[in-house]
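Letter by letter, the chains look like this.
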Amino acid sequence: NAGVTQTPKFRVLKTGQSMTLLCAQDMNHEYMYWYRQDPGMGLRLIHYSVGEGTTAKGEVPDGYNVSRLKKQNFLLGLESAAPSQTSVYFCASSRGLYGGQETQYFGPGTRLLVL
Amino acid sequence: KQEVTQIPAALSVPEGENLVLNCSFTDSAIYNLQWFRQDPGKGLTSLLLIQSSQREQTSGRLNASLDKSSGRSTLYIAASQPGDSATYLCAYRGVSGSTPLVFGKGTRLSVIA
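It should be emphasised that the depicted structure is a prediction, and the values quoted were computed from it without experimental measurement. (Residues numbered from 1 in each chain as written. Chains lettered and ligands numbered in written order. Predicted model: local features only at pLDDT ≥ 70, side-chain atom pairs only at ≥ 80, totals over all residues. Heavy atoms only, no water.)

What about the overall build of chain B?
Here comes step 1: Helix and strand counts for chain B come out as 0 helices and 11 strands.
Here comes step 2: Counting from the amino terminus, chain B carries its helices and strands in the arrangement β-β-β-β-β-β-β-β-β-β-β.
Here comes step 3: Over its C-alpha trace chain B gives a radius of gyration of 14 Å, about what one expects of a compact globule, namely 13 Å for 113 residues.
Here comes step 4: Expressed along its principal axes, the backbone C-alpha trace of chain B runs to roughly 45 × 30 × 20 Å.
Here comes step 5: Buried residues in chain B amount to 44% of all 113 residues.
Here comes step 6: Put simply, of all contacts in chain B between residues at least 6 apart along the chain, 55% involve residues at least 24 apart.
Here comes step 7: Counting only carbon and sulfur atoms, one obtains 49% of the accessible surface of chain B, whose full area is about 5,300 Å².
Here comes step 8: Positive and negative charge centroids in chain B, built from 10 and 8 side chains respectively, lie 6 Å apart. (Helix = DSSP H or I, 4+ residues; strand = E, 2+ residues; numbered from the N terminus. Rg over C-alpha atoms; globule rule 2.2 N^0.38 Å. Buried < 20%, exposed > 50% of the residue type's maximum accessible area, 1.4 Å probe, protein only. Contact = heavy atoms within 4.5 Å. Areas by Shrake-Rupley, 256 points an atom, 1.4 Å probe, with all protein chains shown as cover. Lys, Arg positive; Asp, Glu negative; His and termini not counted. Charge placed at Lys NZ, Arg CZ, Asp CG, Glu CD.)

Observations regarding the packing of aromatic side chains
Here comes step 1: The full count for this structure, using the stated rule, is 9 aromatic pairs over all chains.
Here comes step 2: On the numbers, 6.3 Å between centres and 85° between planes, the contact of phenylalanine 106 of chain A with phenylalanine 103 of chain B is edge-to-face. Of this pair, phenylalanine 106 of chain A sits in strand 10 (residues 105-106) while phenylalanine 103 of chain B sits in strand 10 (residues 102-103), each in a different chain.
Here comes step 3: Phenylalanine 103 of chain B gets classed as buried once you look at its relative accessible area, which sits at 7%.
Here comes step 4: Ring centres of phenylalanine 36 of chain B and phenylalanine 103 of chain B lie 5.6 Å apart, and the angle between their planes is 40°; on these two criteria the pair is classed as tilted. One end of the pair, phenylalanine 36 of chain B, is in strand 4 (residues 30-38); the other, phenylalanine 103 of chain B, is in strand 10, and 67 residues separate them in sequence. Each member of the pair, phenylalanine 36 of chain B as well as phenylalanine 103 of chain B, is classed as buried. (Phe/Tyr/Trp six-rings, centres within 6.5 Å; stacked < 30°, edge-to-face > 60°.)

Describing the sheet that holds strand 7 (residues 62-67) of chain B
Residue and element names in this part refer to chain B.
Here comes step 1: Strand order in the open sheet made by the 5 strands is 1-3-8-7-6, with antiparallel pairing throughout. Taken across any chain shown, the strands that pair with only one partner, and hence form the sheet edges, are strand 1 (4-7) and strand 6 (56-59). Averaged over all neighbouring strand pairs, the angle between strand axes comes to 15°, with direction disregarded.
Here comes step 2: Sheet topology note: the strand 7/strand 8 (residues 72-77) ladder contains 6 bridges and is antiparallel. Within strand 8, the residue paired with alanine 64 across the bridge is leucine 75. (Pairing = 2+ DSSP bridges. Axes fitted to C-alpha atoms, helices over the stretch in contact; angles between N-to-C directions.)

In structure tokens form, the structure reads like this:
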């Protein structure tokens, strides 16, 4: 049982380049989340998904797109990377939002540097 | 906008000491509050989740309490060990709205042997 995995672990991009971060979970969770973590800012929610084929915006969605074509995968895309998107990106999943199902399980993170 | 504050930002204690980490939130309409641990360069690990109807939760040497009226939660760590060294984050979930969690910036704990 791998839990939540993220690919890649580290990436360097040039301004304007695009990339996709992949998150996979093997716990059959309905909910998946993408966060970014920056020094002095804490963890902020970018986008989340309440099930296959559905996505919703979080606190800082601008410059990012997401897709949830399969229940176990949640993709985060940067169409035109900017230095302000240099951060550590975390994916998480949970069974639900209520009734004791809210515990979120986190992946190990992806460090992204945009030059 | 909901704000979650954690004080202190950093804490250093000798091994064996009991300690308390603080988390405060501005909106008392809370659904639940979670405490997480984050080791350097790693993801977050959930420690305890307290529902709004609960006063406290315990797991081993950890005890988390919730006081809705004062907008505070505390994480008590008994008999601290060097292995407890990590950053501890609290996360608030409100009754209203669908955004899952709002995180504090964390308290970085160092337990010195």
